[in-house]
Amino acid sequence: MVAAVPVNQSQKPLAGIRVVELSQGVAAAYCGRLLAVLGAEVTLLEPPGGHRLRAEPPFLPGAAGSSALFAYLAAGKRSYVHEADAGLGVVPDELLREAHILVHDVPVAETEAQGLDSETLAQRFPNLINLSVLPFGAQGPKADWRAEEINAIHAAGEGFLLPNGLSVELFPDRPPLKIYGHFAAVQAGVAAALGALSALWVGKGQSVDVSVQDAALAVGCFAIQRLGDGSVEHRAGRSFKYGGVLECRDGFVEVLTLEERQWQGMVELMDRPAWATDGTLDDPLERSRRGAELNGHIRAWARQHEVAEIVGRAQALGVPMARYNAPADVLNGPHERARGLFQTVEVDGAGPTPMLVAPFHFGGAPLRLRGGPPALGADGPVTMTETSLQARAAR
Amino acid sequence: MKPLSGIRIADFTVHAAGPFFTHMLSQLGAECIKIESALRPDIFRKPHPVYGRNGPASFDQVASNKLSVRINLKHPDGVALAKRLVAASDVAAESFRPGVMNRLGLSYDELRKVKQDIVMVSVSSSGQSGPDSHFAGYAPLFGAWGGLGYLTGYADGPPVEMRHVMDHSVGLNAAMATIAALLQRRRTGEGTHVDVAAREVASAAIGEALLEAAAGGTPRRMGNGDLRMSPHGAFATRDPDRWLTIAVDDDRQWLAFAALIEQAGRTVDANFESASYRQTHQVLVDELVAGWAAQQDAEEAARLLQSHGIPAHVSWTTEDIAADPHLRARRTIIDVAEPDGRMRAAIGVPIRFSETSDVGIVRGTPRLGEDEDYVFGELLGIGAAERQRLADAQIIY
């Protein structure tokens, strides 16, 4: 186990950075979450009825109506309740004056009424980084289009290319598939944090425009690259020629042998069957050509074995193989525990619950969340002062 | 000026995740010096028959913008040369298996001796610590270990392999964490070692499912389904393999959609006006929507639904994306020239800055060792005779 190193908030990478978050969707909220775990003070502004994602499934079992999604995304943030008349603008000047970064996903058409358009913000808060995270961005012909996760990941191309491998072999006629959860929005959250921190590095206020479609497309860039090389990808053909998802007696594993020595290790793992050792498969291109035939053998072999048995031997033989871990496997994984991937935080209705902290360590130790998700308005109501009200009335 | 102008990266990364990480920073203006050797070129310069063809798979996109030098790290003088480069850099980036940099004599502690405030960023499949840290892995394995692969797939089907999006998500996280470390260095004067674990990046994408599991729940594969929204899915349209994604977020959107379906001559069950009814009768709702969608031109239908405030988009092919006016207006898709002058579409950096319009790719893939005059000559001040000696000794090689 990693020793529980008490991390003082002031020692975290982004100590002293103040962020105001006005979000409805996952992308902007995940950006705020990353900044919070890195040590920024993130103020989540919620309407009196609570953030939209507080009512979004999945819910925590046994905790009526407590959203696991909101809990994960809001952990470590402070919650303030803003005034109800959102149409007139809900972010008080006082907060923006103190903030380094405003992250929001206010639709372009509504920014002006809210006093959050780039021009107004640049004029009134010249040092503020105004970070907009929208499905199609704040500029361009589709800036006003809406998208939920399934629309965004298909607008970015990866949706059309999934599933692949065994799944598309089994179900070639089914609709293309999204990745579980909010993968595209999460990419946008990371890209948004990268954009905000890059602007912070420059050290002067500006507007930063991040789109979920752009971010998901950026991580899918190889499809565009291959188009330039003259090959158009399709989910039916985007499978490794051999290997991939294998069904074992008690679950699934993934195997991928890109290197010659890895293939040789795979042959060892299968106890050198005759079909693999007759010499004709020593040529990698021949293996590729006869991929379907190889897969027939490999899959038949896998079905005779248990996951733990072959995964352990595979790694010892230098064969890249992994168990398809269910969430509970990840949660209880010895490796994850040793690295302190989870931190027990207080979650409303569920009590102390392990929550994923962040996918990186700093200085040889995991980061630590400031706490779990805040109760609605835990850090107080936001009251508009006279100057805020006057500025709002002037719009 | 680009946001990261003035930041220099000594880039030891190979494969996909690491090079994408430094590719992001290079597009934001960092000077990225890619270190390889003729003995050990980046494996992505080489072909991979397992992909079904024998040409280099995917090197150009992530190598663009970078400067290329050769250093033979198998030789002690090569390690010394690499350290001189690190001493002149802000960031040392690497993506070898954990332990390799130590064996080469390029551990964080060694690098700190030549550059006290260096930010070292290590990208690996399972991280620098923990019982699995020595495991080899690629994107599909990261997805498998991290739980994302298990949860992705049809409800009655197997898990799904994550592909390059997984590698690149790791790179995007590493790029973001690097700037956080640089900001920390600016505030404290201290460097740090950032350790990015690819399987944890996969897990971070399903943080809510892991929390659900921690509270006793059992998240499962559910295809294109959603726990709240209905209809929610990819629907076949009148053209083959042309799919329309639709996600109805609330009852107001449903009423607008129902009116469109009725205009097309179909009867809509009034019970569907309730979101919870639609959720519990997804099969019936999907049947109705599928019947409507099957008559539609996908792009026209997407525009129609959007004009009524309903989230919809065609499941786009790569060709659709490369030609899209919106993505080109945003400079997300740009055209770049190959060394042979041929133009191809490429992806820029997914961030627009109001004060900087020139982020993105400015030059294509460097030839191995193309930038040694600048890096070894100008930057490190190594004279011609010394460079020749290093070349003869197969250190610059």
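Anything mentioned here points back to the structure above.
Right, let's walk through the structure included here. (Residues numbered from 1 in each chain as written. Chains lettered and ligands numbered in written order. Predicted model: local features only at pLDDT ≥ 70, side-chain atom pairs only at ≥ 80, totals over all residues. Heavy atoms only, no water.)

1. Some words on the pairing of strand β5 (residues 129-134) of chain A
Residues and elements named next belong to chain A. The test is simple: Classification of residues uses two cut-offs on accessible area relative to the type maximum, computed with a 1.4 Å probe and protein chains only: under 20% is buried, over 50% is exposed, and between them is partly exposed. Each helix is a run of H or I in the DSSP string that is no shorter than four residues. Each strand is a run of E no shorter than two, and both are numbered from the N terminus. Paired strands, as defined in this entry, are two strands with at least two bridges between them according to DSSP.
In terms of burial, β5 is largely enclosed, as 6 of its 6 residues are buried. What you see with β5 is no split at all: Ile 129, Leu 131 and Val 133 on one side and Asn 130, Ser 132 and Leu 134 on the other are buried throughout. Sheet analysis places β5 next to strand β6 (residues 206-211), joined by 6 bridges and oriented parallel. Its bridge partner lying in β6, Ile 129 is registered against Gln 206.

2. Topic: a positive patch on the surface
This is how the line gets drawn: Surface patches are defined over residues having more than 30% relative accessible area and no salt bridge, joining like charges when they lie within 9 Å and nonpolar side chains (Val, Leu, Ile, Met, Phe, Trp, Tyr) when within 5 Å. Each accessible area is a Shrake-Rupley result for a 1.4 Å probe, and residues are judged covered by the shown protein chains and nothing else. Whenever Lys or Arg places a side-chain nitrogen within 4 Å of a carboxyl oxygen from Asp or Glu, that contact is recorded as a salt bridge. Counted charges follow a simple rule, with Lys and Arg positive, Asp and Glu negative, and His plus the chain ends left uncounted. Throughout, a charge is located at the NZ atom of Lys, the CZ atom of Arg, the CG atom of Asp or the CD atom of Glu.
A grouping of Arg 261 of chain A together with Arg 40, Lys 74, Arg 97 and Arg 103 of chain B is seen on the molecular surface, where their side chains present a positively charged patch. Within the fold, Arg 103 of chain B resides in helix α4 (residues 100-104).

3. Examining the pattern of salt bridges
Taken as a whole, this structure holds 45 salt bridges over all chains when the rule is applied. The salt bridge partner of Arg 299 of chain A is Glu 169 of chain A, with a shortest N-O separation of 2.9 Å. Taken together, the residues Arg 299 of chain A in helix α13 (residues 291-303) and Glu 169 of chain A in helix α7 (residues 165-170) connect sequence positions 130 residues apart. Glu 372 of chain B serves as the salt-bridge partner of Arg 70 of chain B, at 2.8 Å between the closest nitrogen and oxygen. Within this pair, whereas Arg 70 of chain B is found in strand β3 (residues 67-70), its partner Glu 372 of chain B is found in helix α17 (residues 372-379), the two being separated by 302 residues in sequence. With a relative accessible area of 24%, Arg 70 of chain B lands in the partly exposed category. Among the charged side chains, a salt-bridge network with shared partners connects Arg 52, Glu 56 and Glu 148 of chain A together with Arg 228 and Asp 249 of chain B.

4. Focus on the nonpolar core
For the record, the criterion: What is meant by a nonpolar core is a set of buried Ala, Val, Leu, Ile, Met, Phe, Trp, Tyr and Cys residues, joined one to another through side-chain atoms within 4.5 Å.
The biggest cluster of nonpolar side chains holds 181 residues, and the ones touching the most others in it are Leu 35, Leu 194 and Phe 360 of chain A together with Ile 246, Trp 254 and Phe 257 of chain B. Sort the elements by how many residues they give to this core and helix α8 (residues 183-202) of chain A lands first, with 15 residues. In this structure, Val 79, Phe 96, Phe 376 and Leu 380 of chain B belong to the second largest nonpolar core, which totals 31 residues.

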